[in-house]
Every structure is written in structure tokens, then in C-alpha cells.
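Breakdown of the fold
Spelled out, the chains give:
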There are 2 protein chains.
Amino acid sequence: MIAALDALTGSLTALASEHATHVDPVATVALWLVVILLAAKLGGDLAVRIGQPAVLGELIVGVIMGNLALVGFSGLEPLKSDPSIEMFARVGVLILLFEVGLESTVGQMLKVGWSSLLVASLGVVAPFALGWGVGAWLLPDHSVYVHAFLGATLTATSVGITARVLKDLGSSQSDEARVILGAAVIDDVLGLVILAVVTSAIVAADRGGSVAASDVALMIGKAAGFLIGALVLGVLFSRKLFSLASKLRSRGVLIAVGLAFCFFLSWLASLIGLAPIVGAFAAGLVLEDVHYRDFVARGEHGLEELIHPISSFLVPIFFVLMGMRTDLSSFVQPGVLGLAAALTIAAIIGKQACALGVLGKGVDRLTVGLGMVPRGEVGLIFANIGLALSVGGERIIGDATFSAVVVMVIVTTMVTPPALKWSLGRVRCGAGPRSGTIIP
Amino acid sequence: MIAALDALTGSLTALASEHATHVDPVATVALWLVVILLAAKLGGDLAVRIGQPAVLGELIVGVIMGNLALVGFSGLEPLKSDPSIEMFARVGVLILLFEVGLESTVGQMLKVGWSSLLVASLGVVAPFALGWGVGAWLLPDHSVYVHAFLGATLTATSVGITARVLKDLGSSQSDEARVILGAAVIDDVLGLVILAVVTSAIVAADRGGSVAASDVALMIGKAAGFLIGALVLGVLFSRKLFSLASKLRSRGVLIAVGLAFCFFLSWLASLIGLAPIVGAFAAGLVLEDVHYRDFVARGEHGLEELIHPISSFLVPIFFVLMGMRTDLSSFVQPGVLGLAAALTIAAIIGKQACALGVLGKGVDRLTVGLGMVPRGEVGLIFANIGLALSVGGERIIGDATFSAVVVMVIVTTMVTPPALKWSLGRVRCGAGPRSGTIIP
């Protein structure tokens, strides 16, 4: 069905390019958007039908679309490098991180306590070290920056995928869920800090400077300072901002001001050398329902509800595009398949360190470790940032490494739902302290 | 306040460009989006406060932002030609026309009857001829294509602005409102056909061909064929399409499929040589609530509600950008102010021909004529298309002409609310056949 769709759009594209001399540039972009949106929803549907998160289907359908040239169809090749689609995808990622941030509040983050913080720290340090080790072992000819960056791509748990799986299994309110979700939020933050540090080190090295321990400390300070500063100032002023905005008398003020807040922090993050997604995520964390209650009180939708259609439109563009950039032919290169396998194992084993961080009694440690496994969006976003970085002419993330990271993301995402289902079932039916909650 | 905002963002931009070497490209776009969204909502608020539609405020705030270089501030100049912002604006226009189309159904269009059709036809032909005449009179050195294109920019009433004003005045259900809204929809279609014909003639002429009467007939046939074909096939198949789509099990299917439908028809329109907006508008006309009742039945929002946040995000980008491209300094050129005045007068007087088309009794003809005056988005979209066209190296719409069109749009939009308010008040309080409906 997808092949038929591609064949159709391909022949139409060929037809269109004949007329290209007087075609509005938006027409080509519109066609790519049609292809991406339909493919994403079909892929998402298939994934959901076999018990997987929709994002996995979007990614895999992208991998298929991006490698049709291997079977002789190259009509979709221009899509991979279309600058407008690229920018839609980048803005989509900001929207996604903003949306993920909106799901949590600063208060919740402070409440999840030491258990989540410890789980998150172990779950960031262990995969970072393992990923770095895998890089040093399998890519010995590459610089230390490549190894460190590979480690960074393994750090952040995909809070969206974890939350979705727990919700589907009816376990959103369990003790394990609270620890996992709290830790997933904190490890997003820690992962973003590691990304900021590694990226800054790479940029500094590329300019010929070396990176001293004091520089690393400075970068960590800058990243932490931005996040804490944004959160503190945001919490202090955002209620005032939205209260002022609620007095504006035109349509769509809440969504416009919310997006402007997200984009402003994204730009601010970039200004001090952090990835824009750090700002978008911080913006989401800062904003809470109470900030825009003046809008909701007069019958408007809340920000989370308003952001949904926009993310349904823009976010799949990112995942399909990332899938398309996965070059399956790179796997015939010696070592790429091995790298993918080693990264995936490092990603899964690394997160089992989380089990050691669980402090409370009655919380199943294996479930926590398994729940932290999926990487999803953040790993892909990190890898995509790596594609644009280089040190002394050496690309940090080459096409082959990018493909290996995509495989890691796909496999960690695919194994989580069945593993969690098994693990939660084991706890519920066993003789553990929570055996009271037997499934009817 | 706007100046202060600009000063702030300007100094921040300067700061950012120092760091530009390692800035993610999305960061700059994010900053422009912040500036545009906040300016649009502030401008919209001011316009609404003085009884004008929000779109007028967005346009005027854009004019101010685009001409700050005249007072020595040039920090916003790069925004005018940023390719990503340009593409966001273009996609925003497709969303806008789709949204306008969604407000009407094919059935409603067929029902409004001969009165609206006659009103619309007179209201398209008269301004087209007058605009052509103004061009021939004031721009005698330019080719006939320039004159014809100027006429085309005067044709389409802005159904959004008219509907909004009537709603604000509590007259949405009056006989006049039904005739005006029906005619406004039809004259959008007729305007799009005229645009298609004039544009095709210009493209043909630029290739060295001349345009025979048979060619014009062919183009009219193609445009009418596309619209009728899209409407008939759309009505036949779109219910089936959305019924199939409702079986897809991932989030955001309705908005994704709805947008894909809009973008597909946009691309198809472009493929046969029409403006993509024709397709977007046709897509909106075709879709009705019943097509996606399967989604609504299970508690999801309808398409019109889902499209709102997306249009609140993307549409203001178009209007602010159009405002910014209005070069106030062009008015010192001899004749530009005169051209703007003549176009505005032609636009207002031309639509008074609509009064002649009112067939029923008890419908106030003056109110109908005044209600058709505002041009708004469609005139701007036409002018923007003209910016990219040329015949034998002569640009169809130069910067000066574009500025004159923007003035026409601003003035026709500004005069309508007070004129309609006066005219409806006159009818209600007078001794006419509808004097029963006196304002309490």
C-alpha cells in the first residue's frame, strides 16, 4: 500500500517537474507534506495495531521511504534535503519538546524526590560511559569527541514513549510509574546538559582550542544556570505574562503567546550556546495550567489541547525525515551492523543501572530499569545535531553512525512494551508486596 | 511599546549574529517567529479595541515593522527575505483559504441562489474592469498584463472580514448577511478563476507566445473544470476517505488527513497551472462535518476546531510579512499615492455594482454593496503572486504597485465596519419592510 502510494506520488512528482517552470514553490512543499503526513499516519496505525507506539511506525515508514532507491525508485530522494521540510521538522522538534515539557511541572519535578534523581543520574551516567566505551572500542580511529557524542545519544529516556506504554497498560498511577516518569524527566534535563557540554567542547575543539576541566565546569555551570534561571524566572513571571496576554482581544492569543514563549526560550538557549530544544523543554516545564486559567475560565481550550493539532502536523515530519535519512545500504559497510548492535546493548544494559537507584520498598526494580529503556525522539534529535558538527574536518556523526543510532532507537523502543508488560504482570501476579493489585 | 519590543529584539539579534557561527538555524527562525507572533497579537488587540478586525492590526503592525529602517532601525530587515519565514507564510495562506472554505459547504453555495450569483458576478466584473481602467490610465507605460493583474487584485471580497463584522454587529442571520456571505464565497471562486486566467496569460506571454481568445477560453475551462471536478469528486469520495481514516489508530489522524487533503488539492491545482490557494479553498469547501462525524462521535474535536491553533500560528506570519513588504518610502515616488487612491476608489465603487444584483424584496441594497467592500487576504495574496511574475523582464507587480495594493486593502477593510454599522442601523430604524427588527 505504501509502495503504491509512493508510486503514485512519484509519477505525479515527475509530471509536476515538467511544469516546474511556473509552479509556486509552496506546491512542491505541499506535495511532500501530503506524502509525509499520510505515510506517518499509516505507519503509526500499523505500529499501534501490533502494540507498539505510533512514533515507531513513523520512523520505520520513513526508513522504508528513504531507501526506496535501493529497489530502483528515487522519486522521494529530493525530499531528504528539501530545506523547507527540514525547517518544518526542526520547528516540529521544538514543539515536541515544548509539549513534553508541558506534561510536567516544576513542582512535580521537585516532588518526585531523591529516588527519581538517583535513578535518573545512574541512568544517564551508565549509558553515557557505556556508549563512550562502545565508540572507543569499535571506532578507534575516530576522535574522543565522536566517542563522547555517541555516549550522549544514549542518555535520555523518551518520556513520551514510556508514559504512553504505562498508560496503555493501565499502570500510570503505580509506584513504578511515578519513579520512572520522574526519572525520565530528570534524565531529559541531564541528557540535555551532557549534550550541551559535549557540543560546546566539540565547537571549541573545532576552533583549535583545547578543552580544560575548567571549561567543562563552565559549560556545566552555563547549562545548569540557564535551566535554573529559566525555571525560576519563568515561574516568577509567566503567570503575570499570561495574565497580561489574556487581556488581548484577538483570536488565538493563548497559543500565539505560548508558542512565542517556547520560541523565545529556544532562541535564548541557542544564544548562550545550548541546543534550542533545551529552551523549548524549559518553556514547557515552566508553564502550568494556572498560568492560563484566565483563558480557560472564559471557555477557551488549555495550552496542551491547543498544541496537539500543531504537533500532530509538525512532529511526524521530523520522525519520517529522520527515518528517511537512515541509509540501509550503510549496513553493508564492515562494522556498522556491529556498532548498531553494540550501541543497542549498551543502551539497554546501561539503563539497568537505574534499578540500583530505587530507594523505596515495594517498588519493582526490574520494572523501573526496563521502563527507562526506550530512547525515541531525544536520541534522534541528539544524533541529528551531531550530523552538523565536525572537528578538524571530521564529522562527529557520519551517515553510518547515524544509521546505527536509528537502529538503537528503533530496537530500544520496540522491546520496551512487551518487556514492561511481562515485568508488570510478573509483579502483579507474584507474591511481592504489591500482590494486592491483581488484574481482574 | 512595539518600538521598545523591536529595540529589544534588535539588540538581541545583533548579539546573536556575533555567535552566529555555531547557532542552530532554527534559532534565528524561532526569534523571527517570536517577533511576528507578539507583534501580530498586539496589533490585533489594538485593532479590535477600536472596532476593526484583528487582521487589519496585523497588517498595519507589519507596515510599521517593515519601515523602521526609515527611522534608522534596520534590525528587522533580514526578516523580510528569510526563506523559512516566507515558506511558513505561504503554508499559512493555504491553511487560511482551507479554513475559509471549511466555513462554507458546497450545499450552502448551491442554495444561496441566483441573487448571490448575480451579486457576486457584478461584484467581480465591475472592480476588475475599473481596476484595469485605473491601471491603463495611471500606468500607461506598462503592458496590458499589468493592467489586467491590477484589476484581478480588486475582485475578491474578504469573506472572513465580512463575516466577522456581521457577527460582531449581531446581523449574521439577516437577509443581507445571507446574500453577502453567499456572494462573497462565489466571488472568491470567480476571483480565483480570473487570477488563474490572468496568470496563465502572463506566463504564456513571458514565454513569447501570444494569448488568443481560444486560449483564454481554455484557461477558464481548466479553472472551472478543476473547481467543479474537485467539488464533485470531493463530495463523492471525501466521506469514504475520512471514514477509512477514522479507522487509523494513532493520535491526530483527523487533522493530519484533513491537512493532507488540503495540501494535495493545493498541489493538484498548481499542477494544472492554477494557484495552490484555489485547491486549498476547494478542499475546505468539499469537507463538511458529516465527513468526520466518526471522529467527533468518539469525542475528538472537529476539523474546524483543530485547524484554529494551526491558523493562529501560521496565518499572522503572512499578514505581518505582507505589511512588512509595504515600502512606505515608495509613496514619495510620483504617482504612487495617486495610484493607491484611484485603486481604493475603484475597489469601493466597483463593489457598489453588487447592489444591482439583489433580486429579492426587503433586502437593503446599500448594505449589500457596502458589505462587499473589504478586500483583505485575497487581494494581498493576489498581489504577492504578482510580485513573482514578469513578462519580458517587466515585473507585473513592482514594489510601488504592491504598496498601493496594500493601501487599498487597508482602507477598504477600515471603512467597512463603520459603514456597515451605519447602514444596518439606518435599515433597522427606518420605515423599510424590515422595520420590525428594531434594536432594543
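Worth saying up front: this structure is predicted, and the values here are computed from it rather than measured.

**Comments concerning the overall build of chain A**
Check the secondary structure of chain A and you find 19 helices and two strands. For chain A, the proportion of its 440 residues judged to be buried stands at 59%. Across chain A, the fraction of contacts at a sequence separation of at least 24, relative to all contacts at a separation of at least 6, is 80%. Within the structure as shown, chain A displays about 16,500 Å² of accessible surface, and the carbon and sulfur contribution to it stands at 68%.

**Points about the nonpolar core**
Ranked by size, the top nonpolar core spans 266 residues in total, and within it A:Phe263, A:Phe313, B:Phe263 and B:Phe313 carry the most contacts. Among all residues touching B:Phe263, those that are not within four sequence positions of it are A:Ala30, A:Leu33, A:Val34, A:Leu37, A:Phe313, B:Val91, B:Leu94 and B:Ile95.

**Structural notes on the confidence of the model for chain A**
Residue and element names in this part refer to chain A. The share of residues in chain A with pLDDT of 70 or more is 87%, and the mean pLDDT across the chain is 81. Helix α1 (residues 2–18) is the least confidently modelled element of chain A, averaging 46 in pLDDT, while helix α2 (residues 25–49) averages 93, the highest of any element. Low pLDDT (under 50) marks residues 7–22, which in the prediction has 18 contacts with non-local residues, meaning those over four places away or in another chain. This model gives residues 431–440 a pLDDT under 50, and the stretch forms 11 contacts once residues within four places in sequence are excluded.

**Here we look at the relation of the copies chain A and chain B**
For the pair chain A and chain B, the best superposition has an RMSD of 0.0 Å and corresponds to a rotation of 180° with a translation of 0.0 Å parallel to the axis. Those values place the two copies in the arrangement expected of a two-fold rotation axis. Residue A:Ile310 of chain A places its C-alpha closer to the rotation axis than any other residue of that unit, at 2.8 Å. Both copies contact each other with a shared surface, as 100% of the interface residues of chain A are interface residues in chain B too.

**Let's talk about the pattern of salt bridges**
Two side chains that carry opposite charge are able to pair once their charged atoms sit near each other. All names here are of chain A. Considering all chains together, one arrives at 14 salt bridges over all chains under this definition. The partner of Glu-86 in a salt bridge is Arg-90, with the nearest N and O atoms 2.9 Å apart. Taken as a pair, Glu-86 and Arg-90 lie in helix α5 (residues 83–102) at a separation of four residues, close to a single helical turn. A salt bridge links Arg-325 to Glu-86; the nearest nitrogen and oxygen atoms lie 2.3 Å apart. Here Arg-325 is found in the loop between α15 (303–324) and α16 (336–352), whereas its partner Glu-86 is found in helix α5, with 239 residues between them in sequence. In this pair, the class of Arg-325 matches that of Glu-86, namely buried. Taken together, the shared-partner salt bridges in this structure form one network comprising Glu-86, Arg-90 and Arg-325.

**Some words on the environment of B:Leu181**
In this fold, B:Leu181 is placed in helix α10 (residues 175–206). Considered as a pair, B:Leu181 and B:Ala120 are 61 residues apart in the sequence and their alpha carbons are 9.8 Å apart.

**Some details on the side chain of A:Thr153**
Residue and element names in this part refer to chain A. Its place among the elements puts Thr-153 in helix α8 (residues 144–153). By relative accessible area, Thr-153 is classed as buried at 1%. Of the polar contacts made by the side chain of Thr-153, one reaches the backbone oxygen of Leu-150; its length is 2.6 Å. Discounting residues that sit within four places of it in the chain, Thr-153 has contacts with Gly-379, Phe-382, Ala-383, Val-405 and Met-408.

**Notes on helix α11 (residues 213–245) of chain A**
Spanning 33 residues, α11(A) covers 44 Å between terminal C-alpha atoms, matching the ideal 48 Å at 1.5 Å per step. At A:Phe237, α11(A) is deflected by roughly 40°, the largest bend along its length.

**Description of the packing of aromatic side chains**
Inspection of the entire model under this criterion finds 13 aromatic pairs over all chains. Residues A:Phe313 and B:Phe263 carry aromatic rings whose centres are separated by 5.9 Å and whose planes lie at 35° to one another, so their mutual orientation is tilted. Of this pair, A:Phe313 sits in helix α15 while B:Phe263 sits in helix α12 (residues 253–271), on two different chains. The exposure classification of A:Phe313 matches that of B:Phe263, with both residues buried. Summarising the aromatic geometry, the rings of A:Phe318 and A:Phe319 are spaced 5.3 Å apart at their centres and angled 75° between planes, so their arrangement reads as edge-to-face. Clustering of aromatic rings is evident, with ring pairs tying together A:Phe88, A:Phe263, A:Phe313, B:Phe88, B:Phe263 and B:Phe313. Positioned over the ring face of A:Trp422 is A:Arg426, at 5.6 Å from the centre of the ring.

**Points about the side chain of A:Thr199**
Residues and elements named next belong to chain A. Structurally, the position occupied by Thr-199 is in helix α10 (residues 175–206). Judged by its relative accessible area of 15%, Thr-199 falls in the buried class. In this view, Thr-199 contacts Phe-149 and Leu-389; residues no more than four positions away in its chain are not counted.

**So, a nonpolar patch on the surface**
Residues and elements named next belong to chain A. On the surface, Ile-228, Val-232, Leu-233, Leu-236 and Phe-237 cluster together into a nonpolar patch covering about 520 Å² of accessible area. Mapped onto the fold, Leu-236 is located in helix α11. On the basis of relative accessibility, which here comes to 57%, the residue Leu-236 falls in the exposed class.

**Considering the interface of chain A and chain B**
Across the contact, 63 residues belong to chain A and 63 residues belong to chain B. Roughly 5,900 Å² of surface becomes buried between chain A and chain B when both sides are summed, with 73% attributable to carbon and sulfur atoms. In this assembly, chain A and chain B are joined by zero salt bridges. The tally of links between chain A and chain B comes to four residue pairs in polar contact (both at pLDDT 80 or more). Of all the secondary structure elements, the ones that give two or more residues to the side of chain A that touches chain B are α1, α2, α5, α12 (253–271) and α15 of chain A. For the side of chain A that touches chain B, the leading source of residues is α2(A), giving 16 residues. Here the residues of the side of chain A that touches chain B are counted per class, giving 38 nonpolar, 14 polar and 11 charged.

**So, the packing of α10(B) against helix α11 (residues 213–245) of chain B**
The description of two packed helices rests on the angle between their axes and on the distance between the axes. Residue and element names in this part refer to chain B. Where α10 contacts α11, the two axes come as close as 9 Å, and the packing angle between them is 140°. Taken together, the axes of α10 and α11 are oblique relative to one another. The interaxial crossing formed by α10 with α11 has right-handed handedness. Note on element contacts: α11 touches α10 through Val-216, Met-219, Ile-220, Ala-223 and Leu-227, opposite Val-189, Val-193, Ala-196, Val-197, Ser-200 and Ala-201. Its residues assigned to classes, the contact of α10 with α11 comprises 10 nonpolar, one polar and no charged.

**Details of the packing of α12(A) against helix α2 (residues 25–49) of chain B**
Put simply, α12(A) and α2(B) touch, their axes get as near as 8 Å, and they point 150° apart. As summarised for this structure, α12(A) and α2(B) are arranged roughly antiparallel, according to the angle between their axes. As for the relative orientation of α12(A) and α2(B), their crossing is left-handed in sense. Judged by residue contacts, A:Val253, A:Ala256, A:Leu259, A:Ala260, A:Phe263, A:Phe264, A:Trp267 and A:Ser270 of α12(A) engage B:Ala27, B:Ala30, B:Leu31, B:Leu33, B:Val34, B:Leu37, B:Leu38 and B:Lys41 from α2(B). Residue classes in the contact of α12(A) with α2(B) are distributed as 14 nonpolar, one polar and one charged.

**Regarding the environment of A:Gly279**
Residues and elements named next belong to chain A. Of note, Gly-279 is situated in helix α13 (residues 276–286). Using a relative accessible area of 0% as the deciding quantity, one classes Gly-279 as buried. Between the C-alpha atom of Gly-279 and that of Phe-98, which follows or precedes it by 181 residues, the distance is 8.4 Å. When residues no more than four places from it in sequence are discounted, the contact partners of Gly-279 are Phe-226, Leu-265, Ser-266 and Ala-269.

Rules behind the numbers
- Residues numbered from 1 in each chain as written.
- Chains lettered and ligands numbered in written order.
- Predicted model: local features only at pLDDT ≥ 70, side-chain atom pairs only at ≥ 80, totals over all residues.
- Heavy atoms only, no water.
- Helix = DSSP H or I, 4+ residues; strand = E, 2+ residues; numbered from the N terminus.
- Buried < 20%, exposed > 50% of the residue type's maximum accessible area, 1.4 Å probe, protein only.
- Contact = heavy atoms within 4.5 Å.
- Areas by Shrake-Rupley, 256 points an atom, 1.4 Å probe, with all protein chains shown as cover.
- Core = buried A, V, L, I, M, F, W, Y, C linked by side-chain atoms within 4.5 Å.
- pLDDT = per-residue confidence, 0-100.
- Least-squares fit on C-alpha atoms with pLDDT ≥ 70 in both.
- Salt bridge = Lys/Arg side-chain N within 4 Å of Asp/Glu carboxyl O.
- Polar contact = N/O pair within 3.5 Å; in protein donor to acceptor, adjacent residues only side chain to side chain.
- Expected span 1.5 Å × (residues − 1).
- Bend = angle between axes of the 7 residues up to and from the residue.
- Phe/Tyr/Trp six-rings, centres within 6.5 Å; stacked < 30°, edge-to-face > 60°.
- Lys NZ or Arg CZ within 6 Å of the ring centre and 35° of its normal.
- Patch = residues over 30% accessible without salt bridge, like charges linked within 9 Å, V, L, I, M, F, W, Y side chains within 5 Å.
- Buried area = accessible area lost by both parts, 1.4 Å probe.
- Nonpolar A, V, L, I, M, F, W, Y, C, P; charged D, E, K, R; others polar.
- Axes fitted to C-alpha atoms, helices over the stretch in contact; angles between N-to-C directions.
- Parallel < 35°, antiparallel > 145°, perpendicular 65-115°, else oblique.
- Left-handed = near helix turned anticlockwise from the far one by under 90°.

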